[in-house]
Amino acid sequence: MMTGFQLDFAPLKEPLAFIRCLEWIFAIFAFATTGGYTGQSAASVKCSGKTVADNVTVSFSYPFRLNLVKYEAPLCNGSSSETLYLAGDFSSSAEFFVTIGVFAFLYCTGALVIYLGFQHRYRESSRGPMIDLVVTGVFAFMWLVSSSAWAKGLTNVKMSVSPNSIVKAIGVCKGSVVCTAGAMPSMGRLNVSVIFGFLNLILWGGSCWFVYKETPWHKPPNPQGSVEEGANQS
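All residue numbers here refer to positions counted from 1 along the written sequence of the relevant chain. Under the rules for a predicted model, residues below a pLDDT of 70 receive no local features and side-chain atom pairs below 80 are neither given nor counted, while totals for whole chains, interfaces and linings still include all residues. The basis for every side-chain value is the complete set of non-hydrogen atoms in the structure, without hydrogens or water.

**Q** Quick question: what am I supposed to make of the overall build of the protein chain here?
**A** For the protein chain, the helix and strand inventory stands at seven helices and five strands. Listed by position from the N terminus, the elements making up the protein chain come as α-β-β-β-β-α-α-α-α-β-α-α. The globule rule used for comparison is 2.2 Å times the number of residues to the exponent 0.38, while the radius of gyration itself is calculated over C-alpha atoms. Taking 2.2 N^0.38 as the reference for a compact globule, 234 residues should give roughly 17 Å; the C-alpha atoms of the protein chain span a radius of gyration of 27 Å, well beyond that estimate. In terms of overall dimensions, the protein chain has a C-alpha envelope of 105 × 40 × 25 Å along the principal axes. With a 1.4 Å probe rolled over the protein chains alone, any residue whose accessible area is under 20% of its type maximum counts as buried; one over 50% counts as exposed, and the rest are partly exposed. When the 234 residues of the protein chain are sorted by exposure, 36% land in the buried category. Taking the contacts inside the protein chain whose residues are at least 6 apart along the sequence as the reference set, 73% of them involve residues at least 24 apart. When the accessible area of the protein chain is evaluated, it comes to approximately 12,700 Å², of which 64% is carbon and sulfur surface. In the protein chain, the 16 positive side-chain charges and the 13 negative ones have mean positions that sit 11 Å from each other. What counts as a helix is a DSSP run of H or I of at least four residues, what counts as a strand is a run of E of at least two, and both are numbered from the N terminus. Two residues qualify as a contact provided that any one of their heavy atoms is within 4.5 Å of a heavy atom in the partner residue. Computed with a 1.4 Å probe, the accessible areas rest on the Shrake-Rupley method; for each residue, only the protein chains presented here act as cover. Charge assignment: positive for Lys and Arg, negative for Asp and Glu; neither His nor the chain ends contribute. Lys charges are placed at NZ, Arg charges at CZ, Asp charges at CG and Glu charges at CD.

**Q** Can you walk me through the state of the cysteines in this structure?
**A** Disulfides are covalent bonds that link the sulfur atoms of two cysteine residues. The definition used for a disulfide is geometric: two cysteine sulfur atoms within 2.5 Å. Scanning the model with the defined rule gives two disulfides in all. Two residues, Cys47 and Cys76, share a disulfide whose sulfurs are 1.9 Å apart. The disulfide joining Cys47 to Cys76 has a torsion of about -80 degrees about its S-S bond and is therefore left-handed. Within this pair, whereas Cys47 is found in the loop between β1 (38-46) and β2 (54-61), its partner Cys76 is found in the loop between β3 (70-74) and β4 (81-85), the two being separated by 29 residues in sequence. Its relative accessible area of 29% is what places Cys76 among the partly exposed residues. Between Cys173 and Cys179 runs a disulfide, and the two sulfur atoms are separated by 1.9 Å. Residues Cys173 and Cys179 share a disulfide whose torsion about the S-S bond is about -90 degrees; that sign makes it left-handed. Described in terms of the sequence order of its bonded cysteines, the disulfide pattern of the protein chain is 1-2, 3-4. Left without a disulfide partner, Cys108 is nearest to the cysteine sulfur of Cys21, which lies 8.7 Å away. Cys208 forms no disulfide, and the closest cysteine sulfur to it belongs to Cys108, at a distance of 12 Å.

**Q** So what exactly am I meant to see when it comes to empty space enclosed by the protein here?
**A** Empty space left among the atoms is revealed by rolling a probe the size of a water molecule over them. A pocket here means an open set of points on a 1 Å grid, computed over the protein atoms alone, that has protein on both sides within 12 Å along at least five of seven lines. A cavity is instead a set of points where a 1.4 Å probe fits but cannot get out; residues with an atom within 4 Å of a point line either one. Grid points are joined across faces, edges and corners, and a volume is the space filled by probe spheres set on the points. Taken as a whole and judged by the stated rule, the model has one cavity of 30 Å³ or more. Quantified by volume, the largest cavity comes out at close to 30 Å³. Every residue lining the largest cavity is listed: Pro11, Glu14, Leu16, Ala17, Tyr115, Gln119 and Arg123. At the level of elements, α1 (15-34) and α3 (119-124) are the ones that each hand at least two residues to the lining of the largest cavity. A breakdown of the residues in the lining of the largest cavity according to their chemical character gives four nonpolar, one polar and two charged. Amino acid classes used here: Ala, Val, Leu, Ile, Met, Phe, Trp, Tyr, Cys and Pro are nonpolar; Asp, Glu, Lys and Arg are charged; the rest, including Gly, are polar.

**Q** Mind showing me how you'd approach the nonpolar core here?
**A** A general tendency of soluble globular proteins is for nonpolar side chains to be buried together. In this description, a nonpolar core means a group of buried Ala, Val, Leu, Ile, Met, Phe, Trp, Tyr and Cys residues linked to one another through side-chain atoms lying within 4.5 Å. With 40 residues, the main nonpolar core has Phe60, Phe64, Leu66 and Leu86 as its most contacted residues. Elements represented by at least two residues in this core include exactly α1, β1, β2, β3, α2 (91-117), α4 (127-161), α5 (163-169) and α6 (188-212). It is α4 that contributes the most residues to this core, seven residues altogether. In this view, Phe64 contacts Tyr37, Gly88, Asp89, Phe90, Ser91, Ala94, Trp150, Val157 and Leu190; residues no more than four positions away in its chain are not counted. Grouped together as the second largest cluster of nonpolar side chains are nine residues, Leu16, Leu133, Cys208 and Val211 included.

So far we have only geometry, and geometry alone does not tell us how the molecule works.
See below:
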C-alpha cells in the first residue's frame, strides 16, 4: 500500500475538492476586505463672524475600537478646541469575523493538501472523512454566527462614524454656529466583506453534503442483498 505523497489534480474535477478551492478563495476575500480597512469621516464648523469654516476630520480603522478614536472640534472662542471621541467598541464582531476567515483559509489549505496529495490515505478509512465532516459543519455554523454578528456590527459602525453623528457630538453646533456634515465614508469594502461572509456560509453548508458522501454513514444500496431478495421471490 502506497503511503507517501502523490500529487494528483484529478480530485479538483469532483465537487468535494472544487468547493474547497472556492472556500479557500472566498475566505481570503472575507478577512482581507475587513482587516486593514481605514476610513475617514468629516464635518465643518463655521463660527459666527468667521468667513472660513474649520474642518473636523476623524480617521478610523479596523478593528473599530471607535471609543478610542479621538478628534478635535473648535469651541468658537479663539484658538481652543475640545477633544471628542467616537461612540462604541465593535472590535469583537470584526475580529471574530476575521479570525473565522483566517482559520477557514488554513483549514482549506490543509484539506486541499490531503485531497490532492494523500487521497488514497483519506479514503482508505472512515476516520478522515468523519473528522472532515465535523469540522466542515462547525465552520458552516461559525460563518453563520460571525457573519451575522459582523453585519450588525457594521451597521453600528456606520451610525457611529456618520458625519451627522459627528455634528451632533460637537457642542457648539447651535445658534449662530453653522455645522455641516461631510460625505459619508466609503463603506463598499466592508459591505463586500459581509457578502463574502454569507457566501462562505452557503459554500460550507453545501460542502457538508459532499463530505458526508465520503463517510460510512452514506452507504450505497447492497447489490448482493437485492439479488438474494429477487431469488427468494422467484
